[in-house]
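Residue strings, one per chain:
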Amino acid sequence: MLRIAVPNKGSLSGPASAMLHEAGYQQRKESKELVLVDPDNEVEFFYLRPKDIAIYVSAGKLDIGITGEDLLIDSGAHAESILPLGFARSTFRFAAKPGAVKNLADLAGRTIATSYEGIVAKYLAEQGVDASVVHLDGAVETAIELGVADAIADVVETGTSLRNAGLEVFGDPIMRSEAVVIRRTGADTEDAKVQQFLRRLQGVLVARTYVMMDYDCRAEHLDAAVALTPGLEGPTISPLHSEGWVAVRAMVLAKEAQRIMDDLYALGARAILTTAIHACRL
Ligand SMILES: Nc1ncnc2c1ncn2[C@@H]1O[C@H](COP(=O)(O)OP(=O)(O)OP(=O)(O)O)[C@@H](O)[C@H]1O
Ligand SMILES: O=P(O)(O)OC[C@H]1O[C@H](OP(=O)(O)OP(=O)(O)O)[C@H](O)[C@@H]1O
Ligand SMILES: [Mg+2]
């Protein structure tokens, strides 16, 4: 049985379970379930606090886990990312009242509130800034107003939380993060079960990113059409019953599909269709 850690709460939890479900795995029906065995797929899921996942995986009892890159770094655990998953994308930044702190050097001798002490302490040490760090569990943006800190370091996605608290970022982003699959550093990822799990998730990522495009075009326009839809290995070309026409089928990036359809139409292609891909193995 492959043993996998899955976030039980917060921003990572819903999208992680949705991705596992799309990859054909059973997922828990209610949020109080802590362990779920999926016998058909020979997988056991452990629903754990996102901050703890890297620590469990590094201890070696769980084969892999899903967590945030920032949480992985913050934990300092002996674990590494093996597959980025494209959700829970965020940056990690310093912020303060406008004008109160202009740059990193201004933080010397000041207090910074954060839920990610590991990341902040490491970054300050690398940058040679001597500041105090105070740990808060969440809603860190309020710490300045309530006099607990001079600045904060927190996850920023849209920036709404900072704006609502009347704060402004300063300095370079400390790091960028997204959800990732992790394993214990140096663990055997050639293991067939781990490889199968990763291929399933990669299949979901591809199915979310690409659509299948079909169209008919005149044989003399085929080269120009194929340049627009090169596919992954190459498009499938089939003869049509009508003399001088061919049918073409290729995967294209979903976000480019409408532009490609316009360009194909302008070339004289017709019956241009796109269909969703539900699952795939490349
Ligand atoms: N608003 C957000 N947008 C995108 N990613 C986010 C956001 N907030 C947190 N994350 C990401 O989610 C992970 C944090 O997960 P975690 O569940 O600990 O925090 P949370 O979503 O803030 O939940 P909680 O309410 O329990 O603090 C990190 O990888 C972080 O980068
Ligand atoms: O830039 P934004 O789009 O506003 O997103 C960032 C905010 O989202 C998360 O907070 P969450 O709602 O999880 O509350 P928390 O601070 O209690 O963790 C994070 O900690 C930031 O506060
Ligand atoms: Mg949070």
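Under an unreviewed UniProt entry, the protein chain has the name ATP phosphoribosyltransferase and belongs to Streptomyces polyasparticus. Looking at the Subcellular location (unreviewed entry) heading of the UniProt record, one finds this comment for the protein chain: "Cytoplasm". Listed under Cofactor (unreviewed entry) in UniProt, the entry text for the protein chain is "Mg(2+)".

Caption draft 1: Highlighting the environment of E69. One can find E69 in helix α3 (residues 69–75). C-alpha separation for the pair E69 and E178, spaced 109 residues apart in sequence, amounts to 5.8 Å. If near-sequence neighbours (up to four positions away) are discounted, E69 is found in contact with M175, R176, S177, E178 and V180.

Caption draft 2: Quick peek at the site of ligand 2. Neighbouring ligand 2 are G138, A139, E141, D154, V155, V156, E157, T158, G159, T160 and S161. Taking A139, its main chain carries an N or O atom lying 2.8 Å from an oxygen atom of ligand 2. Interatomic distance of 2.6 Å between a side-chain N/O atom of S161 and an oxygen atom of ligand 2. Protein coverage of the free-state accessible area of ligand 2, which is 490 Å², stands at 61%. Those elements that provide at least two residues to the shell around ligand 2 are β9 (151–156) and α5 (160–164). The biggest single contributor to the shell around ligand 2 is β9, with 3 residues. Of the residues contributing to the shell around ligand 2, the split by class is 3 nonpolar, 5 polar and 3 charged.

Caption draft 3: Molecular detail of the confidence of the model for the protein chain. The predicted model of the protein chain has a mean per-residue pLDDT of 96, with 100% of residues at 70 or higher. Predicted complex, confidence summary: ipTM 0.94, pTM 0.92.

Caption draft 4: Representation of the site of ligand 1. Close to ligand 1 lie 14 residues, the nearest being G10, S11, P50, D70 and S90. Residue D70 places a side-chain N or O atom 2.5 Å away from an oxygen atom belonging to ligand 1. At a separation of 2.8 Å, an oxygen atom of ligand 1 approaches a polar side-chain atom of S90. Burial of ligand 1 by the protein chains amounts to 67% of its free accessible area of 590 Å². Looking at the shell around ligand 1, the elements with two or more residues in it are α1 (10–22) and α3. Per-element accounting of the shell around ligand 1 gives the leading share, 3 residues, to α1. Within the shell around ligand 1, the residues separate by chemical class into 6 nonpolar, 4 polar and 4 charged. Per-domain counts for the shell around ligand 1 show at least three residues from each of domain 1 (2–87 + 178–189) and domain 2 (90–176).

Caption draft 5: Quick look at the pattern of salt bridges. The final tally for this structure, using the stated rule, is 11 salt bridges. Of the charged contacts, one joins K97 and E145 as a salt bridge, the two residues approaching to 3.0 Å between their closest N and O atoms. Residue K97 is found in the loop between β6 (90–96) and β7 (111–114), and its partner E145 is found in the loop between β8 (132–135) and β9; the two are separated by 48 residues along the sequence. Taking the relative accessible area as the measure of exposure, E145 reaches 57% and is therefore exposed. R259 is the salt-bridge partner of E256, the closest N and O atoms lying 3.4 Å from each other. Judged by its relative accessible area of 43%, R259 is partly exposed.

Caption draft 6: Looking closely at the UniProt feature "domain: ATP phosphoribosyltransferase catalytic" (unreviewed entry) in the protein chain. Feature annotation in UniProt assigns "domain: ATP phosphoribosyltransferase catalytic" (unreviewed entry) to the following positions: residues 49–203. In residues 49–203, helix accounts for 27% and strand for 31%; the two terminal C-alpha atoms are 26 Å from one another.

Caption draft 7: Broad picture of the side chain of T229. Within the secondary structure, T229 sits in the loop between α7 (222–228) and β13 (236–239). In this structure T229 touches M213, Y215, P235, V248, A250, V252, I260 and L264, once residues within four positions along its chain are discounted.

Caption draft 8: Here's a closer look at the nonpolar core. With 45 residues, the main nonpolar core has F94, L107 and F197 as its most contacted residues. By residue number, the principal contributor to this core is helix α6 (residues 192–209), which donates 5 residues. Residue-level mapping places this core at the junction of two domains, with at least three residues from each of domain 1 (2–87 + 178–189) and domain 2 (90–176).

Caption draft 9: Geometry of the sheet that holds β8. Taken in spatial order, the 5 strands make up an open sheet running β8-β7-β9-β6-β10, and their pairing is mixed. Edge strands, defined here as strands with exactly one partner in the open sheet, are β8 and β10 (168–177). Within this sheet the neighbouring strands show an average axis-to-axis angle of 25°, counted without direction. Relative to β6, helix α4 (residues 117–127) is tilted by about 70°, and along the sheet it contacts β6, β7, β8, β9 and β10.

Criteria and cut-off values
- Residues numbered from 1 in each chain as written.
- Chains lettered and ligands numbered in written order.
- Predicted model: local features only at pLDDT ≥ 70, side-chain atom pairs only at ≥ 80, totals over all residues.
- Heavy atoms only, no water.
- UniProt positions renumbered as here; feature names shortened; annotations may be inferred.
- Helix = DSSP H or I, 4+ residues; strand = E, 2+ residues; numbered from the N terminus.
- Contact = heavy atoms within 4.5 Å.
- Near = heavy atom within 4 Å.
- Polar contact = N/O pair within 3.5 Å; in protein donor to acceptor, adjacent residues only side chain to side chain.
- Areas by Shrake-Rupley, 256 points an atom, 1.4 Å probe, with all protein chains shown as cover.
- Nonpolar A, V, L, I, M, F, W, Y, C, P; charged D, E, K, R; others polar.
- pLDDT = per-residue confidence, 0-100.
- Domains from an automatic or database assignment.
- Salt bridge = Lys/Arg side-chain N within 4 Å of Asp/Glu carboxyl O.
- Buried < 20%, exposed > 50% of the residue type's maximum accessible area, 1.4 Å probe, protein only.
- Core = buried A, V, L, I, M, F, W, Y, C linked by side-chain atoms within 4.5 Å.
- Pairing = 2+ DSSP bridges.
- Axes fitted to C-alpha atoms, helices over the stretch in contact; angles between N-to-C directions.

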